[in-house]
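What the coordinates show
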Number of protein chains: 2
Amino acid sequence: MKQKKREITIYDIASELNVSPSTVSRALKDHYSIGKEMIEAVKKLARERGYRPNHIAASLRKNKTNTIGVMISWINRPFISSMISGIEEEASNAGCNVIISQSHDSYEHEIANARALYNSRIGGLIVSLAMETRKYNHFSTFLENDIPVVFVDRVTDDLNCDKVVIDNFAAGLMATNHLIEQGCKRIAHIGGAQHRSIYKQRAEGYMEALRRNNMEIDESLMLSGVMLNSEEGYRMTEHLMSLPNPPDAIFSANDTAAVSAIQYAKHNGIKIPQKLAVMGFNNDPISLIIDPPLSTVSHPAVDMGKIAARQVLKHREHKDIITSETITLKTDLIIRESTLRKKR
Amino acid sequence: MKQKKREITIYDIASELNVSPSTVSRALKDHYSIGKEMIEAVKKLARERGYRPNHIAASLRKNKTNTIGVMISWINRPFISSMISGIEEEASNAGCNVIISQSHDSYEHEIANARALYNSRIGGLIVSLAMETRKYNHFSTFLENDIPVVFVDRVTDDLNCDKVVIDNFAAGLMATNHLIEQGCKRIAHIGGAQHRSIYKQRAEGYMEALRRNNMEIDESLMLSGVMLNSEEGYRMTEHLMSLPNPPDAIFSANDTAAVSAIQYAKHNGIKIPQKLAVMGFNNDPISLIIDPPLSTVSHPAVDMGKIAARQVLKHREHKDIITSETITLKTDLIIRESTLRKKR
DNA sequence: ACGTTCAGCGCAACCGATTGCGTAAATATA
DNA sequence: TATATTTACGCAATCGGTTGCGCTGAACGT
């Protein structure tokens, strides 16, 4: 009844063709020292017998798997899940598996996950840092063992490896400039944890825009959250609008907080964008659903994932190359009603 | 310079303790035939030497990995990514990896992915079916080889394995009943592909509610989409509202289409919920952002993922048990303004 | 005619853990 | 005291590829 279907191995193929297993192994991957017709014969028989390569065995021998690890904060966030979608697509095209692990934005978790992934002998790693993380020693194990590490979005300069990012400074500058063009005079900024470079750079872009326009940088209008979630966004907006001299615009470092700002405004009869213009960041689905639609900065999430995956795969191909490049993708300012004061 | 740090193996530990590798192997997993003090000694030395078990080697020997495969349509959808979040959390607590693969709702992709996952020797599989899929032979390979398969949400009755679902019929009934209670007289239903049981059952719940209230079932008010995305939702709403006798309520089988219905209504000056009540399904984040907030049915996404993972892990523990259970989780009707005609 | 080159393939040692079977010593039973 | 049983551990095969090195015969050069 219970048929123990033995799997076909290279040994089966070898003995059937009266050659050695090594020849079969090499033939299957077009090794240069194997004859043309032998390669064909092996592949043909392999196909006929339904041979399935055992990656586990190869991984054991090579002490490296064809699995790419992905460390992110939370899967269930639009930007992250889209990025993973891109990673998965690219990796699966290259015959690689993708294994994911969530840090939940905790430093402790991130360390534990790094250890677990390392123990799983992943062949490459893609990381978007946890909000908390300030030290990066837990990644050096990978680098020391020639396991390519690529950072995406939430990166660090403390480690010398590939990065896939957007120009957060330019994006912050662009977004703030737009608000200024729309006639906003007192622009507040709701940022994220400032040790996370993406948030720091967005804030610096914001400040640079003010400077270039000879506008005062008012520290009391620059807030930074811990998680930058909706609760924080709501409370920070409440704080800002309760100031003696409240802002007439808010540039938020993500859409979640920006949407909360809009909701606070709606609850309190503050007209958007006339009384308060709101600019977000990320182009999350909610930015298009909220009323009025939220102006924001688009993040090429899927592409960032694809490119990060490609970088990992590239390093796996050419182990000799040790260059570490930083790839910066273009962002787009998406102008919607939440900031559109001047009708065009 | 380049220190080839040799990994500690059970052989190193064995020779240092002057015992055999088999003893070390057994001691590390508390095998009954190993003495108490031997177990302690082995574990102590393993800790001191920084021994890391090589799962690859174990997988090769046992011909089964500690990796759980997850097949879903798209990662970047709120329900799916939340579910995966739950799976990952539970699996990682049990020391298992999670590898994901997207079908993009395509039958062909699903088959290819199944084959790839099988070749990866996964130790268990969690599936939420692609929209297109109508045949299920591509999963039998797993069952024949005692690899536990658990279906979540988008399930099928054609296969005899575990399922984690919600009561879609009851949910559809409940949702429609609510609309009726709110005084809606002509309720339309926007459903998904009817060969996918979740959508069929929601539609049947809808019809049952009408029947119980002696309301006519008007076929022209029952539409079913292919992907049930926003474009389809918008067009179907347009179609419905252009009928000679348009509906005064729409029950959509997901939030995406429901939000599109609201947007169509807003674009065309149709008051919600007075002129048109809209009910969604899933409790996606957008349902809370859209104005007016969307009434919907909540899906315990994270829990469904956790439970599915637990089922897989359970089957891995006790291989003898071959029961296949269906676990049905509770849904909640979330009433918001989009259906609230009667002020309470 | 003889040394050289090289394409083409085989040998066998890995990679690290698992496990059925065997065995010696210790303890229990008759 | 002899035998049965239990306790605790070792032996060695096995999982399926991979790869450095070595071998062979034929083509080639002078």
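Within each chain, residue numbers correspond to sequence positions counted from 1 in written order. Labels follow written order: the first chain is A, the first ligand is 1, and so on. Totals for whole chains, interfaces and linings use every residue, but because this is a predicted model, local features are given only for residues with pLDDT of at least 70 and side-chain atom pairs only at 80 or more, for both listing and counting. Each side-chain value is worked out from all heavy atoms of the structure, with water and hydrogens disregarded.

Here's the deal with the domain arrangement of chain A
Note the threshold: Where a domain begins and ends is set by an automatic assignment or by a domain database.
Its domain assignment divides chain A into domain 1 (10-53), domain 2 (61-166 + 301-329) and domain 3 (168-299). With centres defined by C-alpha atoms, the gap from domain 1 of chain A to domain 2 of chain A works out at 34 Å.

Looking at the packing of aromatic side chains
Condition: The criterion for an aromatic pair is that two Phe, Tyr or Trp rings (for Trp, the six-membered ring) have centres within 6.5 Å, with stacked assigned to planes under 30 degrees apart, edge-to-face to planes over 60 apart and tilted to the rest. Counting from the N terminus, the helices are DSSP H or I runs at least four residues long and the strands are E runs at least two residues long. Partly exposed describes any residue whose relative accessible area lies between the buried limit of under 20% and the exposed limit of over 50%, with all areas from a 1.4 Å probe on protein chains only and scaled to the type maximum. A ring is scored as having a charge over it whenever the NZ atom of a lysine or the CZ atom of an arginine sits within 6 Å of its centre and within 35 degrees of its normal.
Throughout the structure, instances matching the rule amount to eight aromatic pairs over all chains. Each ring, one from F251 of chain B and one from F281 of chain B, has its centre 6.5 Å from the other, and the planes form 40 degrees; the classification is tilted. Of this pair, F251 of chain B sits in strand 8 (residues 249-252) while F281 of chain B sits in the loop between strand 9 (277-279) and helix 12 (286-289), and the two are 30 residues apart along the sequence. For the pair F251 of chain B and F281 of chain B, one class covers both residues: buried. Its guanidinium or amino end placed over the ring of F281 of chain A, R202 of chain A lies 3.7 Å from that ring's centre, counting from NZ or CZ.

A few points about the relation of the copies chain A and chain B
Heads up, the rule is: When the copies are superposed, the least-squares fit takes in the C-alpha atoms of residues with a pLDDT of at least 70 in both. Here, two residues are considered to be in contact whenever any of their heavy atoms come within 4.5 Å of each other.
It takes a turn of 180 degrees to lay chain A on chain B, together with a shift of 0.1 Å along the axis; the resulting RMSD is 0.1 Å. Put plainly, the chains are arranged around a two-fold axis. Identified as the residue of chain A closest to the rotation axis by C-alpha distance is I99 of chain A, at 2.2 Å. Here 100% of the interface residues in chain A have copies in chain B that are interface residues too; the copies meet face to matching face.

Topic: the protein's contact with DNA strand D
Selection rule: Think of it this way: one heavy atom of a residue within 4 Å of a molecule or strand is enough to make that residue near it. Think of a polar contact as two N or O atoms within 3.5 Å of one another; within protein, one of them needs to be a possible hydrogen donor and the other a possible acceptor, and neighboring residues in sequence only count if both atoms come from side chains. Each residue gets one label: Ala, Val, Leu, Ile, Met, Phe, Trp, Tyr, Cys and Pro are nonpolar, Asp, Glu, Lys and Arg are charged, and the others, such as Gly, are polar.
Around DNA strand D, 28 residues are found, and the nearest of them are Y11, R26 and R61 of chain A together with T23 and G35 of chain B. When atoms of DNA strand D within 4 Å of the protein are split into backbone and base, the sugar-phosphate part holds 51%. Between S25 of chain A and DNA strand D, the recorded distance is 3.0 Å, taken from a side-chain N or O atom to a phosphate oxygen. S22 of chain B is positioned such that a nitrogen or oxygen atom in its side chain is 3.0 Å from a base nitrogen of DNA strand D. When contributions to the surface near DNA strand D are tallied by element, the ones reaching two or more residues are helix 1 (10-17), helix 2 (21-28) and helix 4 (55-62) of chain A together with helix 2 (21-28) and helix 4 (55-62) of chain B. Split by residue class, the surface near DNA strand D holds ten nonpolar, ten polar and eight charged.

Comments concerning the sheet that holds strand 9 of chain B
All names here are of chain B. Note the cut-off: Note on pairing: DSSP must find at least two bridges between two strands before they are called paired. Axis definition: a line fit to C-alpha positions, over the contact stretch in the case of helices; interaxial angles, taken between N-to-C directions, run 0 to 180 degrees.
In spatial order, the strands read 7-6-8-9; together these four strands make up an open sheet with parallel pairing. Unpaired on one side and paired on the other, strand 7 (222-224) and strand 9 mark the two borders of the sheet. The sheet shows a mean angle of 15 degrees between the axes of neighbouring strands, direction not considered. Relative to strand 7, strand 6 (residues 187-191) is paired through three bridges, and the arrangement is parallel.

Some remarks on the pairing of strand 5 (residues 162-166) of chain A
Residue and element names in this part refer to chain A. A large share of strand 5 lies buried, amounting to five of its five residues. Here strand 5 shows two buried faces, one formed by D162, V164 and I166 and the other by K163 and V165. Of the pairings in the sheet, the one linking strand 4 (residues 149-152) to strand 5 comprises three bridges and is parallel in character. Note that in strand 5 the partner of V152 across the bridge is V164. Examined bridge by bridge, strand 5 and strand 11 (residues 326-329) share four bridges and lie parallel to one another.

Considerations on the environment of S220 of chain B
Residue and element names in this part refer to chain B. Examined against the element boundaries, S220 turns out to sit in the loop between helix 9 (197-212) and strand 7. Residue classification places S220 among the partly exposed positions, given a relative accessible area of 34%. When the C-alpha atoms of S220 and A188 are compared, they prove to be 8.4 Å apart, with 32 residues separating the residues in sequence. Residue contacts for S220: discarding those within four places in its chain leaves L240 and L243. At 2.6 Å, the side chain of S220 and the side chain of D218 are in polar contact.

Concerning the side chain of T296 of chain B
Residues and elements named next belong to chain B. By the element assignment, T296 lies in strand 10 (residues 296-298). Polar side-chain contacts of T296 include one of 2.8 Å to the side chain of D255. From its side chain, T296 meets the backbone nitrogen of N282 in a polar contact 3.3 Å long. Setting aside anything within four residues of it in sequence, one finds T296 in contact with D255, M279, G280, F281, N282, N283, S287, D332, L333, I334 and R336.

Some remarks on the sheet that holds strand 6 (residues 187-191) of chain A
All names here are of chain A. One open sheet holds the four strands; their spatial order is 7-6-8-9, and the pairing between them is parallel. Single-partner strands in this sheet number two, and they are strand 7 (222-224) and strand 9 (277-279). When strand polarity is set aside, the average angle formed by the axes of neighbouring strands in this sheet is 15 degrees. Of the pairings in the sheet, the one linking strand 6 to strand 8 (residues 249-252) comprises four bridges and is parallel in character. Opposite A188, over in strand 8, you have I250 as the bridge partner. Helix 11 (residues 255-267) rests against strand 6, strand 8 and strand 9 of the sheet, and its axis sits at about 165 degrees to strand 9.

Remarks on empty space enclosed by the protein
Keep this limit in mind: Of the grid points, spaced at 1 Å and generated over the protein atoms alone, those admitting a 1.4 Å probe that cannot get out make up cavities, while open sets with protein on both sides within 12 Å along at least five of seven lines make up pockets; any residue with an atom within 4 Å of a point is treated as lining. Grid points are joined across faces, edges and corners, and a volume is the space filled by probe spheres set on the points.
Taken as a whole and judged by the stated rule, the model has two cavities of 30 Å³ or more. Only helix 4 and strand 2 (97-102) of chain A together with helix 4 and strand 2 (97-102) of chain B provide two or more residues apiece to the lining of the largest cavity. Tallied by class, residues from the lining of the largest cavity come to six nonpolar, 14 polar and no charged.

Some remarks on the packing of helix 2 of chain A against helix 3 (residues 36-49) of chain A
Residue and element names in this part refer to chain A. The following threshold applies: When an angle is under 35 degrees it counts as roughly parallel; over 145 it counts as roughly antiparallel; between 65 and 115 it counts as roughly perpendicular; any other value is oblique.
Direction vectors running N to C along helix 2 and helix 3 enclose 90 degrees, while the axes themselves pass 9 Å from each other. Taken together, the axes of helix 2 and helix 3 lie roughly perpendicular to each other. In this structure, helix 2 uses T23, V24, A27 and L28 to contact helix 3, whose residues at the interface are M38, I39, V42, K43 and A46. Residues of the contact of helix 2 with helix 3, tallied by class, amount to seven nonpolar, one polar and one charged.

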